[in-house]
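# Structural overview for review
One-letter residues, chain by chain:
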Amino acid sequence: MDQNQAKKAVAEAALAYLVPGEILGVGTGSTVNYFIDALASRKADVAGAVSSSEASSARLKAIGIPVLDANSAGPLSIYVDGADETDPHLRLIKGGGAALTREKIVAEAARTFVCIVDESKLVPVLGQFPLPVEVIPMARSLVARKLAALGGEPRWREGVVTDNGNVILDVHGLRIVDPVGLEATINQIPGVVTVGLFARRKADVLLIGGPQGVRRLGGD
Ligand SMILES: O=C[C@H](O)[C@H](O)[C@H](O)COP(=O)(O)O
């Protein structure tokens, strides 16, 4: 099984968590794209979706799934999304596709966060993947200095503007031994919209695709 087959396998496995007749949350990225493709076969069970990006909204609409405003949808049954990195405790780094803020909002609204990854994303300690931070443009330099003071090496993702009109700093060189603490610390820097650490609201179920098939962590 190659990496794309692993992504497809976990995406299809996530269909088991659908709650018929309820609204679900849908994330962003190449793994979720496989999930949206798979969702086409279960359209009748989906009352609608709240999406974490313009890209996923377009993909959902293309298969005929109504995309709803988060403000009118209320609590969501499940949230299905990928990750850039996960540790064995289901804490995540997300935002490689710059969708982290909306992803955090939709994850928070969901009863169950089902995270789908291929096994290359699983690490013992988070931080090998540069940590994305969404920042209000006028605060970019200030926030970069604060992130450097925390021991990271922030790099501006030039040319990228988020769906919310902000910029992204990717923080290299972190070894994140206290993800909950670091998430809170970075979120408190003025000008930070969101840090792509999902540690306080982590995944509830992690589906990992690899050569042996799909295995699950959490959800017991
Ligand atoms: O901003 C993007 C998201 O956090 C994605 O879920 C993450 O980058 C994983 O994407 P992919 O499934 O393409 O590896």
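About the criteria used
Residues numbered from 1 in each chain as written. Predicted model: local features only at pLDDT ≥ 70, side-chain atom pairs only at ≥ 80, totals over all residues. Helix = DSSP H or I, 4+ residues; strand = E, 2+ residues; numbered from the N terminus. Contact = placed C-beta atoms within 7 Å. Pairing = 2+ DSSP bridges. Axes fitted to C-alpha atoms, helices over the stretch in contact; angles between N-to-C directions. Domains from an automatic or database assignment. Nonpolar A, V, L, I, M, F, W, Y, C, P; charged D, E, K, R; others polar. Parallel < 35°, antiparallel > 145°, perpendicular 65-115°, else oblique. Left-handed = near helix turned anticlockwise from the far one by under 90°. Buried ≥ 20, exposed ≤ 12 C-beta atoms within 10 Å, placed from the backbone. pLDDT = per-residue confidence, 0-100. UniProt positions renumbered as here; feature names shortened; annotations may be inferred.

Before going further, it helps to spend a moment on the overall build of the protein chain. In terms of helices and strands, the protein chain carries seven helices and 13 strands. In the protein chain, the proportion of contacts linking residues at least 24 apart, taken out of those at least 6 apart, comes to 72%.

Attention now goes to the sheet that holds strand β13 (residues 213–218). With respect to topology, six strands assemble into an open sheet ordered β2-β1-β3-β6-β12-β13, the strand pairing being mixed. If you trace the sheet from one side to the other, it starts and ends with β2 (48–51) and β13, each paired once. On average, each strand axis in the sheet is inclined to that of its neighbour by 20°, with strand direction left out of account. Here helix α5 (residues 100–109) sits on the sheet in contact with β1 (23–26), β2, β3 (76–81) and β6 (110–118), set at roughly 140° to β3.

A sheet is described by the order of its strands in space; here four strands give the open sequence β8-β9-β7-β10, paired in antiparallel fashion. Pairing within the sheet leaves two strands with one partner each, and these edge strands are β8 (153–156) and β10 (192–195). Averaged over all adjacent pairs, the angle separating strand axes in this sheet is 30°, with direction ignored. Pairing geometry for β8 and strand β9 (residues 167–172), over four bridges, is antiparallel. Among the inter-strand pairings, Pro154 is bridged to a residue of β9, identified as Val171. Along the sheet, α5 makes contact with β7 (131–135) and β10, crossing β10 at roughly 65°. Its contacts with the sheet place helix α7 (residues 179–187) against β7 and β10, and it is angled at close to 165° to β10.

Taken domain by domain, the protein chain consists of domain 1 (3–122 + 200–218) and domain 2 (131–195). Averaged C-alpha coordinates put domain 1 and domain 2 at centres separated by 24 Å. Each side of the interface is counted separately: domain 1 has 13 residues, and domain 2 has 13 residues. Ranked by residue count, the leading element in the side of domain 1 that touches domain 2 is α5, at four residues. Looking at the side of domain 1 that touches domain 2, its residues break down into four nonpolar, four polar and five charged.

Below, the discussion takes up the packing of helix α2 (residues 30–39) against helix α3 (residues 54–62). Following both chains from N to C, one finds α2 and α3 inclined at 20°, their axes separated by 10 Å at the closest point. Between α2 and α3, the crossing angle belongs to the class labelled roughly parallel. Every pair of crossing elements has a handedness; the one defined by α2 and α3 is right-handed. Of the residues in α3, those touching α2 at Val32, Asn33 and Ile36 are Ser56, Arg59 and Leu60. Considered class by class, the residues forming the contact of α2 with α3 number three nonpolar, two polar and one charged.

What follows is about the environment of Val26. Along the polypeptide, Val26 turns up in strand β1. A tally of 26 C-beta atoms within 10 Å means that Val26 is categorised as buried. Spatially, the C-alpha atom of Val26 lies 32 Å from that of Leu150, the residues being 124 residues apart in sequence.

Turning to unusual backbone geometry, a few remarks are in order. Not every positive phi belongs to a glycine, and Leu90 is a case in point at roughly 70°. Position of Leu90 among the secondary structure elements: in the loop between β4 (85–86) and β5 (92–93). Not every positive phi belongs to a glycine, and Ala98 is a case in point at roughly 70°. On the neighbour-count criterion, Ala98 (22 C-beta atoms within 10 Å) is buried.

Mean pLDDT over the protein chain stands at 97; residues scoring 70 or higher make up 100%. Prediction confidence for the complex, expressed as pTM and ipTM, is 0.96 and 0.97 respectively.

This part is about the UniProt feature "active site" (unreviewed entry) in the protein chain. The UniProt entry lists Glu103 under the feature "active site" (unreviewed entry), expressed in the numbering used here. Other than its neighbours up to four places away in sequence, Glu103 contacts Gly27, Thr28, Ser52, Asp81 and Lys94.

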